[in-house]
Amino acid sequence: MAASKLNLEGKAVLVTGSAGFIGSHLAKKLCQDMPDTQIIGIDNLNDYYDIGLKESRLNDLSTYLIGFYNILEACRHSRENDEERL
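(A) Spatial organisation of unusual backbone geometry. Even without being glycine, Leu-45 reaches a positive phi, approximately 50°. Within the element layout of this structure, Leu-45 appears in the loop between strand E2 (38-43) and helix H2 (51-61). What makes Leu-45 buried here is its relative accessible area of 18%.

(B) Expanded view of helix H1 (residues 21-33). Taking 1.5 Å of rise per residue, 13 residues should cover 18 Å, and H1 covers 18 Å from first to last C-alpha, within 8% of that figure. Within the sequence span of H1, burial applies to Gly-23, Ser-24, Ala-27, Leu-30 and Cys-31. Seen from one end, H1 has its buried residues packed into an arc of 130°, which puts them on one side. Summarising the geometry of H1, the exposed residues directed more than 90 degrees from the buried face are Phe-21 and Ile-22. Buried residues in H1 make contact with strand E1 (12-16), E2 and H2.

Cut-offs applied
Residues numbered from 1 in each chain as written. Predicted model: local features only at pLDDT ≥ 70, side-chain atom pairs only at ≥ 80, totals over all residues. Heavy atoms only, no water. Helix = DSSP H or I, 4+ residues; strand = E, 2+ residues; numbered from the N terminus. Buried < 20%, exposed > 50% of the residue type's maximum accessible area, 1.4 Å probe, protein only. Expected span 1.5 Å × (residues − 1). Arc of directions from axis to C-beta. Contact = heavy atoms within 4.5 Å.

The following block contains the structure:
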């Protein structure tokens, strides 16, 4: 890979689709090339592709990501809280 002139030192980067093929490889590469950068992954973990494969990718990324957020679970949790308030 060509040397990057992008300076992300000390910054946080949000990688969408981090359980997918491209997103997981991007997150890993960013962590390897820019160790002072904080990487946050986000994905909806839908079943369009094999969930087991996505979970395996996330497991591989667990040493790199400072956080991972499942959008579908966050939405469900939010709706449940809204329903409880009604």
